[in-house]
Amino acid sequence: MPISKDDALALLDSVIAKAKKAGAEQVDALLAQSTSLSHAQRLGEVEKLERSEEQDLGLRVLIGKKQAVVSSNDFDSATLDQLVERAVAMAKVVPDDPYCGLAEPMQLVTQRPDIDSLDPQEPAPERLIELARAAEEAARAVKGVTNSEGAEAGWGQSFVVLAGSNGFSGAYERSSHSYGVSVLAGEGVSMERDYAFSQAVYGGDLRDPAEVGREAGEQAVRRLGARRPKTGRYPVVFDPRVGNSLLRHFAGAINGAAIARGTSFLKDKLGEMVFADGINIIDDPHRPRGLASKPFDAEGLANRKHNLIENGRLTTWLLDLSTARQLGLESSGHASRGTGGPPHPSSTNLYLAPGKITRDSLIGEIKQGFYVTEMMGTGVNGVTGDYSRGAAGFWIENGEIAYPVSEATVAGNLKDMFAKLTPADDLVFRYGANTPTLRIDGATVAGGGA
């Protein structure tokens, strides 16, 4: 049964009071509640239509420099009494963590912006069925498409409440609407697949499913007849749907946990040029209708828009209180948390600002190069920056897309790749992390083709 904001805060206050009475010195508690509706179909036949509701409560107890985190999805009073007892007992015996601790009252957020993160309209199941049906039909109608891996549509709504013995209490809600389709083109051993999807906080902001379906079908057909590229060093262009992976590698490299451990290839680069002059990377937790927006961080601190990279220069790490204490710095308001563990640093709505060159011009300057639309594998070393991932896409000749490419590898070092990155001007916000089309000059492409 869904719980109201007032009831959730009252419940957390009660649990915190019980923990304090049982011997805890500092306590915070997080309640997360979610409702979701999901549909899947293939070749027009419904395969799934499900609704689920979940709730969980996470309790963090601190005694001196020891902390323990426990969670439960049962809110019965007797169960929560046992939860408190277990958390306090654990906190008495675990090793010390010299950097743990709640925020001081003067550190807590005072102003909470409206992030417009909740669409109050829950879609009817028929609406999800229609979105998936329209997308799959449009994809299958593309000449050359021969089969479908299916289409899915979903909706979700979550409710997060945080309270602490330091006086903090706060809550926010978030919604998500999405659908997507994946289809196959060709026959026998000469088949290719591709996909397209749309997601948004508000259902009304979703793209037209017929447009998305056509995109999936046309992309699959374009990949037919793929060749392996000739090994060499070439300009590599990353489509926005894969360019954001580079952004996530960057975010991982400036995460305070990696910096504190000394396991990041950017650990000595604070205040230095990491990208070319003019490159800006922004993290904005208050972006209206952003997929990862929130009005405060997971420790009750104020969060704000950060220029992580400003004109090519690295300005900050992503920090929560613990990593900030380890580094002798102040938290950047990037704490994130689930109910099963303590806070940790994480980005929110991350994006690379658009450049001043069009996508066509970015590609048009290339005599021979690789346009990447899909990446496979996880061959990235966060300590050294060494990068090697499988890729597919299209070969570029004399500024034009020439033919499809598969079974390729893109390799290099992220420090060099970041320094040689040029963005186009076509930024569109579609994902949790967003980039325009990106070009990196001088990466290694391996394929063994003629």
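First things first, this report covers the structure right here in the doc. Because the structure is a prediction, the values reported are computed rather than measured.

Parameters and conventions
Residues numbered from 1 in each chain as written. Predicted model: local features only at pLDDT ≥ 70, side-chain atom pairs only at ≥ 80, totals over all residues. Heavy atoms only, no water. Helix = DSSP H or I, 4+ residues; strand = E, 2+ residues; numbered from the N terminus. Expected span 1.5 Å × (residues − 1). Buried < 20%, exposed > 50% of the residue type's maximum accessible area, 1.4 Å probe, protein only. Arc of directions from axis to C-beta. Contact = heavy atoms within 4.5 Å. Pairing = 2+ DSSP bridges. Phe/Tyr/Trp six-rings, centres within 6.5 Å; stacked < 30°, edge-to-face > 60°. Lys NZ or Arg CZ within 6 Å of the ring centre and 35° of its normal. Core = buried A, V, L, I, M, F, W, Y, C linked by side-chain atoms within 4.5 Å. Axes fitted to C-alpha atoms, helices over the stretch in contact; angles between N-to-C directions. Parallel < 35°, antiparallel > 145°, perpendicular 65-115°, else oblique. Left-handed = near helix turned anticlockwise from the far one by under 90°. Nonpolar A, V, L, I, M, F, W, Y, C, P; charged D, E, K, R; others polar.

Looking now at helix α1 (residues 5–21). Its 17 residues place the ends of α1 24 Å apart at the C-alpha level, agreeing with the 24 Å of an ideal helix rising 1.5 Å per residue. Taken together, the buried positions of α1 are occupied by Ala 8, Leu 9, Leu 11, Leu 12, Val 15, Ile 16 and Ala 19. Around the axis of α1, the buried residues are gathered within 160° of arc, so they sit on the same side. Facing away from the buried side of α1, by more than 90 degrees, are the exposed residues Asp 6 and Lys 21. Those residues of α1 that are buried lie in contact with β1 (26–42), β2 (45–63), α2 (77–93), β4 (145–164) and β5 (169–187). Looking at the residues trailing α1, positive phi occurs at Gly 23, about 120°.

We now examine the pairing of strand β19 (residues 438–446). Of the pairings in the sheet, the one linking strand β7 (residues 232–238) to β19 comprises 6 bridges and is antiparallel in character. Across the sheet, residue Phe 238 finds its bridge partner in β19, namely Leu 438. For strand β16 (residues 400–413) and β19, the ladder comprises 3 bridges, and the chain directions are antiparallel. Bridge pairing links Ala 411 to Thr 444 in β19. Across 3 bridges, strand β17 (residues 421–423) lies against β19 in antiparallel orientation. The partner of Thr 422 across the bridge, within β19, is Arg 439.

To continue, consider the packing of aromatic side chains. In total, this model carries 11 aromatic pairs according to the counting rule given. Seen from their ring centres, Tyr 172 and Phe 296 are 5.6 Å apart, and the 75° between their planes marks the pair as edge-to-face. Here Tyr 172, found in strand β5, pairs with Phe 296, found in the loop between β8 (281–283) and β9 (306–310); they are 124 residues apart in sequence, far enough to count as distant. Each of the two residues, Tyr 172 as well as Phe 296, counts as buried. A centroid spacing of 5.7 Å and a plane angle of 80° characterise the contact between Phe 250 and Phe 275, whose relative ring orientation is edge-to-face. Taken together, the residues Phe 250 in helix α5 (residues 240–253) and Phe 275 in the loop between α6 (256–261) and β8 connect sequence positions 25 residues apart. With relative accessibility at 0%, the residue Phe 250 sits in the buried group. Members of the aromatic cluster, each reached through a chain of ring pairs, are Phe 250, Phe 265, Phe 275 and Phe 418. The ring of Phe 394 has Arg 222 lying over it, and the distance from NZ or CZ to the ring centre is 4.3 Å. Above the plane of the ring of Tyr 403 lies Arg 227, whose end atom (NZ or CZ) is 3.7 Å from the centre.

Ranked by size, the top nonpolar core spans 45 residues in total, and within it Phe 238, Phe 250, Phe 275, Phe 370, Val 372 and Val 410 carry the most contacts. Sorting elements by how many residues they give to this core places α5 first, with 6 residues. Sequence-distant contacts of Phe 250, defined by excluding residues within four places in its chain, comprise Leu 266, Phe 275, Ile 281, Leu 308, Ile 309, Leu 314 and Phe 418. Judged by nonpolar contacts, the second largest core, of 29 residues, contains Leu 59, Val 61, Phe 75 and Ala 171.

What follows concerns the packing of helix α3 (residues 125–140) against helix α4 (residues 209–222). At a closest axis distance of 7 Å, the pairing of α3 and α4 adopts a crossing angle of 40°. Classed by the angle they form, the pair α3 and α4 counts as oblique. In this structure, the crossing between α3 and α4 has a hand that is right-handed. Each of Leu 131, Ala 134, Ala 135, Ala 138 and Ala 139 in α3 lies in contact with α4, whose residues at this interface are Pro 209, Ala 210, Gly 213, Arg 214 and Gly 217. In terms of residue class, the contact of α3 with α4 is built from 7 nonpolar, 2 polar and 1 charged.

Turning our eyes to something else, we now look at the side chain of Arg 223. Counting through the fold element by element, Arg 223 comes out in the loop between α4 and β7. Apart from residues lying up to four places away in sequence, Arg 223 is in contact with Glu 192, Arg 193, Asp 194, Glu 374, Ala 392, Phe 394 and Pro 404.

The next subject is the environment of Arg 287. When you line up the elements, Arg 287 lands in the loop between β8 and β9. The exposure class assigned to Arg 287 is partly exposed, which follows from its relative accessible area of 24%. A sequence separation of 131 residues divides Arg 287 from Gly 156, and the C-alpha atoms of the two residues are 19 Å apart. When near neighbours in sequence (up to four residues on either side) are disregarded, Arg 287 contacts Ile 115, Ser 293, Asn 349 and Phe 429.

With that settled, the discussion passes to the sheet that holds β9. Ordered by their spatial adjacency, 5 strands build an open sheet running β10-β9-β8-β13-β18, and the pairing between neighbours is mixed. Looking at strand neighbours, the two that pair on one side only are β10 (313–314) and β18 (433–434), the edges of this open sheet. Summarising the sheet, β8 and strand β13 (residues 350–352) pair through 3 bridges and their orientation is antiparallel. Following the sheet pairing, Asp 283 is matched in β13 by Leu 350.

Strands in a sheet are paired, the pairing made by backbone hydrogen bonds, and the direction either parallel or antiparallel. Strand order in the open sheet formed by 6 strands is β3-β2-β1-β4-β5-β6, with antiparallel pairing between adjacent strands. Looking at the sheet topology across the chains shown, the edges are occupied by β3 (66–72) and β6 (190–200). For this sheet the average axis-to-axis angle between neighbouring strands, irrespective of direction, equals 20°. Summarising the sheet, β2 and β3 pair through 7 bridges and their orientation is antiparallel. Looking at β3, one finds that Leu 57 is bridged to Ser 72. Most of the contacts of α2 go to β3, to which it runs at about 155°, and overall it touches β2 and β3. Of the strands in this sheet, β4, β5 and β6 touch α4, which is tilted by about 155° from β6.

Nothing here speaks to function; it is all geometry.
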